[in-house]
Amino acid sequence: RVIEEGGGPATLLESLKQLWEGAELSGLAESDPKLDPFVRQAAEACREVDRKILLEKERVPSIGPARERLLRRGEARAYLSEWAEETSVRPEPPLANALALFSGPPPVLFSRPCFILAGATAKAWPGALKESPLLKDSVRVVLNGESPGGPAGRLPLMADRRLQREALFRRLLAAGESLAVLSRAEGDEQGRPLERTPFWKTAAESGWIREEGSFLRPASAALPRPGEPFFPQVEPRPGEPRVVRRPLPPSAAREPGPAPKASLGDLDLWLDCPFRYWALKLAGFEEPPRGLFDPARAGTFLHCLWEEVWKQRLEGPGEPLPSLVERLWDPVLFDPDPRRGYPALGSDRRLSRRSERLKELTLKLAALQEETEDVFGPRRLAQHREYRMALELEGVLFRGRADRVEVMDGGFVVLDYKSGKVDPYKRSLQLAAYSAVLEDTLGLAPWGTGFFGHSDGRLYLALSEECPLRFPRGKGITLAKAGTLEASVEKAREGLAAMARGIRSGLYPASHGTATACPRCPARGLCRLGEARGEILPEEEETEGTGDD
Ligand code: SF4
């Protein structure tokens, strides 16, 4: 009738769908399991009609006057048959020589000649029965609440839930047309016994299944043995020698060749974990910056800014540091050289809050440095910025570059600018290593080391006992305990010697259990830390509880 009278594409398709629904096919197929594949295909076809109807409706506003045009008779038939020819439903999986794996329940009406249900334990079937297996209690409450005039509903009792679970279990058994294999582990990971599901017995007693017997397969036979069938893509070949994993903790090995150069600034990284050092410095496993803001680029910009600020302060009329920061901020920020500026931070509106905050923090640090000028200023003989150092130790060449070195009569203080807070650097040996080298190259005593933190606007100073400089406590300055600098320089010397020996050996062992950087380490998977800690892999977690993994 619709084809005779004519209609738009969506109307034709809706009528076609009504034909299917009116035929009540599910009622006809209900008592004939052989029709299951046909029902499945019909359901897929109906879904495809729905998709096409939706597409046609969404398209209507964009096709203008053409939407008024009706298709009738031959044209309507041609439209429907062309759509039918061009449309495909999801192909049936092959039925022979194939194995389908499901991580959850198989699709409705699924069946195969042989069906294997893993984890057929009492712990899983019926399981804890906290929720109704067919419909969550929360949904059921809503449904019951929506029909005040209807019969009073009730939530399923424990016995109802168990019955529903048993029905589902039996439906799964019926997925095996000729054979259903119920498998389970004898015990869980802790060795506690796992009982087989009670539904097994009731299914056999009621005649739902005919039990053909059972056998025990020891864990030693879990892998296929010679002569047994196996799946080459996922199982080891029978008789294949066992792969022996390398012992933990692993060591990375460097390609043979001359010992690579090293950086004095990487001493902390090496001492924390040589494997991480290898991953970051030799293998180049650096995590790319997340999001728009590039912390490395911002760090480079800040270093260049301070270099320029101090240059103009000491070579000029003595303009205050906050005023210099204000004046030089934009010229350095917008320097197109990626080794100096970070123009996107100033021009990208999405980074404007970051940029404002960073400037605020930098001005705070400028004010703090102005305070320290009361101590450094009168004694300063020279200031070195981006000062390059080199040291050859045990055949390894170390290089380094100090952000700022204040040279005074008899001693020096080496200072470093950090983007973050100063706290993580309280145990750092980076500046102590610089001091050990500078002591020889400058011929002066190391009087102190200091980290400036942009994030907290603080200065952490470690001064030697012979240092005559007197900094005020508080006001953003933290002084380390007496003796800290001397001990750190000693540790840095020993650390550099150990690092040189390690680099020459070509082996970079992972420091499982002692490294502090593990939570944010990009080499975490490579160094098998999780394995060493006995962590369960995500895939194993999924099957936890069935005892079948
Ligand atoms: S995760 Fe920890 S132990 Fe492994 S490489 Fe990184 S720092 Fe070293």
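Residues numbered from 1 in each chain as written. Predicted model: local features only at pLDDT ≥ 70, side-chain atom pairs only at ≥ 80, totals over all residues. Heavy atoms only, no water.

## Considerations on the environment of V325
Here V325 lies in helix 12 (residues 321-333). In this structure the C-alpha to C-alpha distance between V325 and E56, which are 269 residues apart in sequence, comes to 62 Å. Apart from residues no more than four positions distant in its own chain, V325 is found in contact with L305, W306, V309, T362, L363 and A366. (Helix = DSSP H or I, 4+ residues; strand = E, 2+ residues; numbered from the N terminus. Contact = heavy atoms within 4.5 Å.)

## Side note on the site of the ligand
In the vicinity of the ligand, the contacting residues are C273, F275, R276, S511, H512, A515, C518, C521, R524, C527 and L529. Class assignment for the residues of the shell around the ligand results in 7 nonpolar, 2 polar and 2 charged. (Near = heavy atom within 4 Å. Nonpolar A, V, L, I, M, F, W, Y, C, P; charged D, E, K, R; others polar.)

## Description of a nonpolar patch on the surface
A cluster of nonpolar side chains, namely L99, L101, F231 and V234, defines an oily patch on the protein surface of about 470 Å² accessible area. On the secondary structure map, V234 appears in the loop between helix 8 (198-205) and strand 3 (251-253). By relative accessible area, V234 is classed as exposed at 68%. (Patch = residues over 30% accessible without salt bridge, like charges linked within 9 Å, V, L, I, M, F, W, Y side chains within 5 Å. Areas by Shrake-Rupley, 256 points an atom, 1.4 Å probe, with all protein chains shown as cover. Salt bridge = Lys/Arg side-chain N within 4 Å of Asp/Glu carboxyl O. Buried < 20%, exposed > 50% of the residue type's maximum accessible area, 1.4 Å probe, protein only.)

## Some details on the domain arrangement of the chain
Taken as a whole, the chain is organised into domain 1 (2-86), domain 2 (112-137 + 157-219) and domain 3 (295-499). Centre-to-centre separation of domain 1 and domain 2, based on C-alpha positions: 41 Å. (Domains from an automatic or database assignment.)

## With respect to the packing of helix 15 (residues 430-442) against helix 16 (residues 484-505)
Viewed as axis vectors pointing N to C, helix 15 and helix 16 meet at an angle of 85°, and their least axial separation amounts to 8 Å. Here helix 15 lies roughly perpendicular to helix 16, going by the angle between them. Only S488, V489, A492, R493 and L496 of helix 16 make contact with helix 15, whose side of the interface consists of A432, A433, S435, A436 and E439. Its residues placed into classes, the contact of helix 15 with helix 16 shows 6 nonpolar, 2 polar and 2 charged. (Axes fitted to C-alpha atoms, helices over the stretch in contact; angles between N-to-C directions. Parallel < 35°, antiparallel > 145°, perpendicular 65-115°, else oblique.)

## A short note on the pairing of strand 5 (residues 380-393)
With 12 bridges joining them, strand 5 and strand 6 (residues 396-408) adopt antiparallel strand pairing. Among the inter-strand pairings, Q383 is bridged to a residue of strand 6, identified as E406. Once strand 5 ends, the chain turns through 2 residues before running back antiparallel as strand 6, passing E394 with a positive phi of about 50°. (Pairing = 2+ DSSP bridges.)

## Quick word on the nonpolar core
Core analysis: the biggest nonpolar cluster contains 49 residues, and F275, Y277, F398, Y434, M499 and I503 have the highest contact counts within it. Of all the secondary-structure elements, those providing two or more residues to this core are helix 9 (267-272), helix 10 (274-282), strand 6, strand 7 (411-418), helix 15, strand 9 (458-463) and helix 16. Setting aside its immediate chain neighbours within four residues, M499 contacts A262, S263, D266, L267, W270, Y277 and F398. (Core = buried A, V, L, I, M, F, W, Y, C linked by side-chain atoms within 4.5 Å.)

## Some details on the packing of aromatic side chains
This model, assessed by the stated rule, comprises 15 aromatic pairs. For the pair W270 and Y508, a centre-to-centre distance of 5.7 Å together with 75° between the ring planes defines the contact as edge-to-face. Pair noted here: W270 is in helix 9 and Y508 is in strand 11 (residues 507-509), with a separation of 238 residues, a long-range link. In terms of burial, W270 and Y508 fall into one category: buried. Aromatic pair W306 and Y417: ring centres 5.3 Å apart, planes at 10°, arrangement stacked. On the criterion of sequence distance, the pair formed by W306 in helix 11 (residues 295-315) and Y417 in strand 7 is long-range, its members being 111 residues apart. Each member of the pair, W306 as well as Y417, is classed as buried. (Phe/Tyr/Trp six-rings, centres within 6.5 Å; stacked < 30°, edge-to-face > 60°.)

## Looking at the confidence of the model for the chain
Considering every residue of the chain, the mean pLDDT works out to 87; 92% of them sit at 70 or more. Here residues 539-549 is modelled with pLDDT under 50, and outside its nearest four sequence neighbours on either side it reaches 18 contacts, counting other chains as well. (pLDDT = per-residue confidence, 0-100.)

## Some details on the environment of R196
Tracing the chain through its elements places R196 in the loop between strand 2 (176-183) and helix 8. With 165 residues separating them along the chain, R196 and L361 place their C-alpha atoms 66 Å apart. Discounting chain neighbours no more than four positions away, the residues touching R196 are A120, T121, A122, R184 and E211.

## Quick notes on the side chain of E373
Position of E373 relative to the elements: it lies in helix 14 (residues 352-379). Residue contacts for E373: discarding those within four places in its chain leaves W310, R313, P378, R380 and R404.

## A few points about unusual backbone geometry
Cis geometry marks the peptide bond from W125 to P126; its omega dihedral reads 10°. Within the secondary structure, P126 is located in the loop between strand 1 (112-118) and helix 6 (137-145). Along the chain, L248 connects to P249 via a cis peptide bond; the corresponding omega equals -10°. Counting through the fold element by element, P249 comes out in the loop between helix 8 and strand 3. Here L109, not a glycine, exhibits a phi torsion of approximately 65°, which is positive. Along the chain, L109 turns up in the loop between helix 5 (73-86) and strand 1. Of the residues examined, L109 reaches a relative accessible area of 35% and is grouped as partly exposed. The backbone of R528 sits at a positive phi, close to 60°, despite the residue not being glycine. The residue R528 is located in the loop between strand 11 and helix 17 (529-533) in this model.

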